[in-house]
Amino acid sequence: MTTLAELPNIVPALPELFLALVIMALMMLGVFHKTGGLEDVKASRLISLLCVIALLLAIMLVSALSGNRLMTFSDMFVSDTFAVYCKVLVLTGSALAIVLAYGFQERHDMARFEYAILIVFATLGMMMMISANDLISLYVGLELQSLSLYVIAAFQRDDTRSTEAGLKYFVLGAVASGMLLYGASLIYGFTGTTNFDQLAGLFNGHGGDTVSIGVIFGIVFIIAGLAFKVSAVPFHMWTPDVYEGAPTPVTAFFSVAPKIAALALFIRVMVGPFGGLVEHWQQIVIFISIASMLLGAFAAINQRNIKRLMAYSSIGHVGYALIGLAAGGEAGVRSVLIYLAIYLFMNIGVFACILCMRRDGSMVEGIGDLAGMSRTHPMLALGLGIFMFSMAGIPPFAGFFGKLYIFLAAIEAKMYGLAVIGVLSSVVAAFYYIRIVQIVYFQELDEPLDKPTGPELGIVIAATGVFVAFFFVYPTPILSAATAAAAALFAG
Amino acid sequence: MTHIPILSLLTFLPLAGALFILSIRGEEGVVARNARHVALWTSMINFALSLYIWINFNPATADYQFVEFAVWMPSLNINYKMGVDGISMLFVMLTTLLTPICVLASWESIQVRVKEFMIAFLVLETFMIGMFCAMDMVVFYIFFEAVLIPMFLIIGVWGGPRRVYASFKFFLYTLLGSVLMLLAIMAMYFDSGSTDILSLTQHRFSVDLQIWLWLAFFASFAVKIPMWPVHTWLPDAHVEAPTAGSVILAAVLLKFGGYGLLRFSLPMFPEASVMFTPLIYTLSVIAVIYTSLVALAQEDMKKLIAYSSVAHMGFVTIGAFTLTVQGIEGSIYQMLAHGVVSAALFLIVGVVYDRIHSRNIADYGGLVHKMPSYALIFMLFMLASVGLPGTAGFVGEFLVLVGVFQVNTWVAALAATGLVLGAAYMLYLYRRVIFGTLTKESLTAIKDMGLREKVVFAPLVILVLWMGIYPAPFLDVMHVSVENMITQIETALQAGQAVSVAGQ
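All values derive from a computational prediction rather than experimental measurement.

The next point concerns the overall build of chain B. The helix and strand tally for chain B stands at 19 helices and 2 strands. Taking 504 residues into account, the globule formula puts the C-alpha radius of gyration at 23 Å, and chain B, at 22 Å, falls close to it. Residues classed as buried in chain B amount to 65% of the 504 residues present. Within chain B, contacts between residues separated by at least 24 positions form 81% of all contacts whose residues are at least 6 apart in sequence. Per element, the accessible surface of chain B, about 17,000 Å² overall, is 67% carbon and sulfur.

Laid out in structure tokens, this is it:
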């Protein structure tokens, strides 16, 4: 591709630029749209729809970049197959999150057009995170994402829980960002560069022992900051409160897209620039992985609120994903990528089911409210049952395959202890997943939930349910995509 | 040989039936009736298909037959592969025979959520057949563990008063065992580069690795069999499950463990198996004697039969680890016989439970006066359970004892006491339920078995006598496969010894 010599090559960043332009245009549209009552709802519907279309177009644009490794903006931005894979997942997650919020917004006085735009803003940040090839672009992308997320968490302005969630998320998130930035500056101070490729070259030739203690400190701070973003133990404290407080479609969004983006970033940073220092960071990742799995398994047992329960469940899932990172190598990264794809569809499906839990027009969130659902909503109960068994990792559902690849990577890396702890905690976690199945199927009718409103939730549940239930029939596409993505990361 | 994918057809036909039932809509009564009929016909057709396998099966070879192969996960070299040999074919037959019987037995006793029940049952059949036909470890594992889902629902939704406790215990116990096996399968995959069962049988694992792998597999199979002391989920699950659930649980699911030991632990880890044989003998003898004594003290009929199952499965594990032709054939035969007999016994309990809604032995007595044909059938299966010559139970137990006597007379002697105790608790049960004077108020109006119930028992009666009087057709089918397996194990053991001698 030929460009003017003075201008940076914009092709690798085309999807991001496209989304940025769309956001600006849609903001204008929103601002100049008529306001008041029904008009707000109309504007929010229109812009949600346009945002979903824009995200789908961005998926196509991103996919077109697959196969090559392109760098631009003074090597601060990279687009490779790994980035393409993760971006497609993130964009899918964001699009689904907007769809989930479609009816919810109107019913809960949340119909403001900024919602969809903020999600696209956050998505733009995530895409920049995934493509970051420099500590500075990493930080800029991360902050764009985080600031949008803080606002969305508090989007239900009149609800104290939502505003509390936003504030909590903001304060803790700012501390984490600060730690990450401090780590980045330590790295810069001790190496003299922020570029990932240069860092990788420096450490690869360096051997493990002679590396300066300052760099190790820097890595620890960066890991702490990233662990906060993926809500891994011991930086998970915000997760249950934010998940519970934020409006449910927002929680659904939080549990997938930002997590996938942050994990992709985590992988890129650990494998890329710090790949030569693997013996220094591996034990940290193993520790947070084990701690997350155990906490996710045990702390969720006593939860009665389904959103809180899902918060702990997502902590546990991050623990499993980190096993793949700890195992390292192409197989490890590939297993994380497969896990993330499956996790995306499972989680969106569960949250679509949670959004259907309404009684007398308002949301209910206790797991006891699901009692007898199999009688009144048989298809919804079937979907939730499939998702729960899949989350627990029971074959033949997709969740099992996610765990299968993760543990394959761990066994290949001879991390038997980690694998054994992993499978045992998955048995503990199975307890609370099947308890939901028990409430749905075994308990007698309490007071029926409302009939589902609007077709969008049903479509999402059906689509994700079919994916989760029949993943085993033809796993090859995701498998080979993840293989290519993992290979690209190591080739570069 | 054949180009029809008969095993896949057999495996997935019930699933298709289940999806069909799922699509039935309409009034509740109509849906229930249609669901019952679809389930019955699907399982009958499946049984007919399995007869095709039985007829076309070549007993002269130990090779897997009707083999199917499809590329599944090429990047990992994990493929979909199905096939049966002389051992697994018999279990497939057992499964396809019992499913229609179970559907028929639940015809009237399941009145709520009939549609869901039939779906769960057909899905269960798919998983069970798939498990016995799988020739790839990962495919095997998927079916093996997937069975938990329908069984969990069957116990939990249609079970008795303590069904939640029982279903959770069942689910978590078995899951805990199987996840360790999953890790072992992965370790085997990286050691040998394949998950194909045939090539894994040929692969020689180092003895150190074998020990760990054997223990991991044992964790899974011991829970499934179940062996003492991890058998405690079984009485709970049996007591709470609906009749058809108990039948399938006792008749087929318990065989997963024994089948797994024979298919994987023995041929793949021969050195470790020999090393752990004393452990198996000890646990099995304890199971035989201890659970027989426990059965003697039971007040609940289903619990008594559940404990008797544990005792009978003790014979299976003893026989399998004798590594003699008689012992292993006896162990397989015992599993098949137990599949038929325990299924019939649970159905027998189900017959009176449908009428009186009690499983307490004390609530019965003198039934012979009101239910003569019931008493006759009960007697037949009671005696088969005891191991009376001429019934299916005798052949298996006798072969096991012959096999173990060649290897270890003490174990044979102790196991034989289990037979005496077995006779004691079964006869005691029979006396309390059937004989005596009929004094209970609630029993005065009890009716004898109806036509549907007799139809349910007819194939089992025929089979239990056939297997007892003329066992040759069954033994012939498994004989070559068993001999081949023993040869393989012995060759592996000798090769291992040669290596260690050379090392010295």
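Now that the structure has been shown, the text picks up again.
Taken together, the 38 residues of chain A in the interface contact 35 residues of chain B. Surface buried jointly by chain A and chain B totals about 3,500 Å² across both partners, of which 82% is contributed by carbon and sulfur atoms. Of all residues in chain A, A:Leu408, A:Val427 and A:Phe442 give up the largest surface area on contact with chain B, accounting jointly for 18% of the area buried on that side. The interface formed by chain A and chain B includes 5 residue pairs in polar contact (both at pLDDT 80 or more). Going through the elements one at a time, helix 14 (373-376), helix 15 (378-391), helix 16 (398-412), helix 17 (416-441) and helix 19 (476-491) of chain A are the ones with two or more residues in the side of chain A that touches chain B.

With that out of the way, let us pick up the environment of B:Val71. All names here are of chain B. If you trace the backbone, Val71 turns up in strand 1 (residues 65-73). Residue classification places Val71 among the exposed residues on the basis of a relative accessible area of 59%. With 53 residues separating them in the primary sequence, Val71 and Ala18 have C-alpha atoms 26 Å apart.

Residues and elements named next belong to chain B. Taken as a whole and judged by the stated rule, the model has 56 aromatic pairs over all chains. Each ring, one from Tyr333 and one from Phe474, has its centre 6.3 Å from the other, and the planes form 80 degrees; the classification is edge-to-face. A residue pair is termed long-range when its members are at least 10 positions apart, and Tyr333 in helix 14 (residues 325-356) and Phe474 in helix 19 (residues 472-503) qualify at 141 residues. For Phe474, a relative accessible area of 7% puts it in the buried group. Ring pairs connect the aromatic residues Phe91, Phe132, Phe140, Phe144, Phe205, Phe217, Phe221, Phe256, Tyr259, Phe264 and Phe269, which therefore count as one cluster.

Residue and element names in this part refer to chain B. In total, this model carries 0 disulfides over all chains according to the counting rule given. Of all cysteine sulfurs, the one in Cys102 lies closest to Cys133, which takes part in no disulfide; the gap is 18 Å. Given a relative accessible area of 0%, Cys133 falls into the buried group.

Below, the discussion takes up the pairing of strand 1 of chain B. On a regular strand, each side chain points to the face opposite its neighbour's, so the side chains alternate between the two faces of the sheet. For strand 1 of chain B and strand 2 (residues 78-84) of chain B, the ladder comprises 6 bridges, and the chain directions are antiparallel. Following the sheet pairing, B:Glu68 is matched in strand 2 of chain B by B:Met82.

Let us now look at the packing of helix 10 (residues 233-240) of chain B against helix 11 (residues 243-268) of chain B. Residues and elements named next belong to chain B. At their nearest, the axes of helix 10 and helix 11 sit 8 Å apart, and the two run at 140 degrees to each other. Touching Trp233, Leu234, Ala237 and His238 of helix 10 are Ser246, Leu249, Ala250 and Leu254, all from helix 11. Among the residues making up the contact of helix 10 with helix 11, the classes are represented as 6 nonpolar, 2 polar and no charged.

So, how was this worked out
Residues numbered from 1 in each chain as written. Chains lettered and ligands numbered in written order. Predicted model: local features only at pLDDT ≥ 70, side-chain atom pairs only at ≥ 80, totals over all residues. Heavy atoms only, no water. Helix = DSSP H or I, 4+ residues; strand = E, 2+ residues; numbered from the N terminus. Rg over C-alpha atoms; globule rule 2.2 N^0.38 Å. Buried < 20%, exposed > 50% of the residue type's maximum accessible area, 1.4 Å probe, protein only. Contact = heavy atoms within 4.5 Å. Areas by Shrake-Rupley, 256 points an atom, 1.4 Å probe, with all protein chains shown as cover. Buried area = accessible area lost by both parts, 1.4 Å probe. Polar contact = N/O pair within 3.5 Å; in protein donor to acceptor, adjacent residues only side chain to side chain. Phe/Tyr/Trp six-rings, centres within 6.5 Å; stacked < 30°, edge-to-face > 60°. Disulfide = S-S within 2.5 Å. Pairing = 2+ DSSP bridges. Axes fitted to C-alpha atoms, helices over the stretch in contact; angles between N-to-C directions. Nonpolar A, V, L, I, M, F, W, Y, C, P; charged D, E, K, R; others polar.

Fair warning: the whole summary comes from geometry, so function is off the table for now.
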